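Remarks on the overall topology
Residue strings, one per chain:
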Amino acid sequence: MFSIKEILFFVVVFVSNVIQCITGFAGTVLAMPFSIMLVGYNTAKPILNLLGIVVSVGVVTINFKALNKKEFFRIIGFMLVGMVGGFLIVHYFSVSPAILYKLLGVIVIGFMGLGCYHSFSKKYKEKQEKAMKENRQKTSVWSFAVLAIAGIVHGMFSCGGPLMVVYASEHLRGRDEFRVTVSATWCVLNSIILFSDVRAGCFHSKTLVLTGISVAILFAALFIGNLIFRHMNKRWFMIITYVLMGISGVSLLIK
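Reading the values: the criteria
Residues numbered from 1 in each chain as written. Predicted model: local features only at pLDDT ≥ 70, side-chain atom pairs only at ≥ 80, totals over all residues. Heavy atoms only, no water. Helix = DSSP H or I, 4+ residues; strand = E, 2+ residues; numbered from the N terminus. Buried < 20%, exposed > 50% of the residue type's maximum accessible area, 1.4 Å probe, protein only. Contact = heavy atoms within 4.5 Å. Areas by Shrake-Rupley, 256 points an atom, 1.4 Å probe, with all protein chains shown as cover. Core = buried A, V, L, I, M, F, W, Y, C linked by side-chain atoms within 4.5 Å. Expected span 1.5 Å × (residues − 1). Bend = angle between axes of the 7 residues up to and from the residue. Phe/Tyr/Trp six-rings, centres within 6.5 Å; stacked < 30°, edge-to-face > 60°. Salt bridge = Lys/Arg side-chain N within 4 Å of Asp/Glu carboxyl O.

This part is about the overall build of the protein. Scanning the protein from N- to C-terminus turns up eleven helices and zero strands. Each helix (α) and strand (β) of the protein, taken in turn from the N terminus, gives the series α-α-α-α-α-α-α-α-α-α-α. A burial count over the protein gives 47% of its 255 residues as buried. In the protein, of all internal contacts separated by at least 6 residues, the share reaching a separation of at least 24 is 83%. Accessible area of the protein: about 12,800 Å², with a carbon and sulfur share of 69%.

Have a look at this one:
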């Protein structure tokens, strides 16, 4: 039998992956705060990380030819540097769970603000359209810093996606290229985290049971998400996603 918190965790997995399927991002960063509060950091992080790998492998397998290899290796390189820092913070420094929760809360709220700006700001969209027309890519020190910071967050919480998307949205052209290159990145980075989690003994018997059920729920969520995507307004789902991210972030801050 599962506890109420574990059942609620399955609900979070389902809802977050339905939203992931509709919006194309935010699944893990939305699920992580609620999951940590329900089943704890040491259980939530490895399970959600593994689910991210399953989804990413599916996307890459379907359309591997769209992979932008140059940007893929660039993203991997800078984020790996950041992930080393994230691993060191979590594994070798004495950081209390309360501090980790509040830090993640601040990060999630920051992602929410950044996502709202990118999704709903006319000024930002005009800027992006101008850059696309001029066919120029803004590769700067700031761009690389964003990737490194995304790596740190990903190493700590397995949810550095929104920051990486900030870079990817400016350097990857076309819907397929974006999805496949970003997904291929998660295949590599999340696999490194998975290896670290296995070595740390995160997948004990209870976690494996929760993982198996979560994978089944994941496929159901992707099926439902695809059905909803065909009939619902994506803009409203983006709004709902950011509202939920804000609530989860605030919940961690006051926990």
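The discussion continues.
In this section: the nonpolar core. General note: in soluble globular proteins, nonpolar side chains tend to be found buried as a group. Counting 60 residues, the largest nonpolar core has Met79, Leu104, Phe157, Met164 and Met245 as its most contacted members. Here this core gets eight residues from one element, more than from any other, and that element is helix 3 (residues 41-62). Apart from the residues within four sequence positions on either side, Leu104 is in contact with Met32, Pro33, Ile36, Phe157, Cys159 and Leu252.

Bringing helix 2 (residues 27-39) into the picture now. Here helix 2 spans 17 Å end to end across 13 residues, near enough to the 18 Å set by a 1.5 Å rise per residue. By the largest-angle criterion, Pro33 marks the main kink of helix 2, which is about 30 degrees. What helix 2 keeps buried is the set Gly27, Val29, Leu30, Ala31, Met32, Pro33, Ser35, Ile36 and Val39. Among the residues trailing helix 2, Gly40 stands out with phi positive, at a value near 95 degrees.

All chains considered together, the criterion is met by five aromatic pairs. Aromatic pair Phe2 and Phe10: ring centres 5.4 Å apart, planes at 85 degrees, arrangement edge-to-face. Overall, the relative accessible area of 32% leaves Phe2 in the partly exposed class. With 6.3 Å between their ring centres and 90 degrees between their planes, Tyr41 and Phe157 make a pair best called edge-to-face. You can see Tyr41 sitting in helix 3 and its partner Phe157 sitting in helix 7 (residues 141-157), a full 116 residues away along the chain. Note on accessibility: Tyr41 and Phe157 belong to one class, buried. Taken together, the ring pairs in this structure connect Phe2, Phe9 and Phe10 into an aromatic cluster.

Another aspect to go through is the pattern of salt bridges. One pass over the full model with this rule turns up three salt bridges. Across the salt bridge formed by Lys206 and Glu6, the nearest N and O atoms sit 3.6 Å from each other. You can see Lys206 sitting in helix 10 (residues 205-231) and its partner Glu6 sitting in helix 1 (residues 4-23), a full 200 residues away along the chain. With a relative accessible area of 33%, Lys206 lands in the partly exposed category. When the shortest N-O distance is used, the salt bridge between Glu71 and Arg74 registers 3.4 Å. Of this pair, Glu71 and Arg74 both sit in helix 4 (residues 69-92), three residues apart, roughly one helical turn.

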